[in-house]
Amino acid sequence: MRIFIAVEFDNETKESIYDLQNRIKEDCKKGNFTYKDNLHLTLKFLGEIDPADIEGVQEAMEETAGTNHPFELTFDRIGYFDRGERCIIWVGVDRSKPLVRLYETLEKNLGKQGFKRDRANFSPHITISRETALFYSKKLLIEKFKPEMNGMIVKEISLMESKRINGKLTYKKLYGAKLI
C-alpha cells in the first residue's frame, strides 16, 4: 500500500486553491495540474508499506491527535521547485507553531512505531502542478500570484492511500484522528 498522512481541506479551501490554480494555468504552456479532489497538505509520506503496519500508523496518529489542539492553517505564498525548463508549482503554508508542533509530534510517534524520521526540514506546501512550463519567467509567477484566501481550521489528520484507478491518481481516506 502506498500511503501518506495529510490534512484534508474543506470544500471552501479546495475551491479557493482550485480557482488560484486555474488562474495560474492560463499562464502555462503545459503542466500536470492536481485534481481538485486531491488537494491536501502532506504531513508525512510513508510510501509503500505492508498492510500489517497500518495499525501502528493509526496508533501514532491517535497519540499525535490526542496531544494537539485544532488550529488555523494560513496560506501565505506561491512558490516553485525548479526543474530546468519546467517546475513544480505550490501554495505555501505558514509554518505556525501549532503546525510545526503537529508535524514534530507525528514524526516522534511514528518513530516509536519504527518509521524513519524525515531528514529534510519541514516545508509545508500544497502541490498544485507538476511538469509545468510557463509562458514567462518563474520568478514572475511569484510576483503575479498571491493566495488571497481564508485560512482553515485543522481539526483532524487523515491516513490516505494513493492509487491509480483507470490511469487517474486517486487518494482514499483510510482513517482519521481528530485533534483534541
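The present account deals with the structure reproduced in this document. Predicted, not measured: the structure shown is a model, and the values here were computed from it.

## So, the pairing of strand S1 (residues 2-8)
Side-chain positions along a regular strand alternate between the two faces of the sheet. When you tally the buried positions in S1, you get five out of seven residues, the bulk of the element. As paired strands, S1 and strand S3 (residues 40-48) are joined by seven bridges and run antiparallel to one another. Bridged to Arg2 within S3 is Glu48. Strand direction decides the pairing type here: S1 and strand S9 (residues 156-165), joined by four bridges, are antiparallel.

## Here's the deal with the environment of Gly111
By secondary structure assignment, the location of Gly111 is in helix H3 (residues 97-112). Residue Gly111 is classed as partly exposed on the basis of its relative accessible area of 33%. The spacing of Gly111 and Ala60 is 51 residues in sequence and 8.6 Å in space, taken between C-alpha atoms.

## Digging into the packing of aromatic side chains
As enumerated under the stated definition, the model contains four aromatic pairs in all. Judged by centre distance (4.0 Å) and plane angle (5°), the rings of Tyr103 and Phe122 are stacked. With Tyr103 in helix H3 and Phe122 in the loop between H3 and strand S7 (125-134), this residue pair connects regions lying 19 residues apart in the sequence. The class for Tyr103 is buried, based on a relative accessible area of 8%.

## What about the environment of Leu106?
Summarising the element assignment, Leu106 is placed in helix H3. Judged by its relative accessible area of 1%, Leu106 falls in the buried class. With sequence-adjacent residues up to four places away left out, Leu106 is seen in contact with Ile5, Leu43, Lys44, Ala60, Met61, Thr64 and Ile157.

Conventions we followed
Residues numbered from 1 in each chain as written. Predicted model: local features only at pLDDT ≥ 70, side-chain atom pairs only at ≥ 80, totals over all residues. Heavy atoms only, no water. Buried < 20%, exposed > 50% of the residue type's maximum accessible area, 1.4 Å probe, protein only. Helix = DSSP H or I, 4+ residues; strand = E, 2+ residues; numbered from the N terminus. Pairing = 2+ DSSP bridges. Phe/Tyr/Trp six-rings, centres within 6.5 Å; stacked < 30°, edge-to-face > 60°. Contact = heavy atoms within 4.5 Å.

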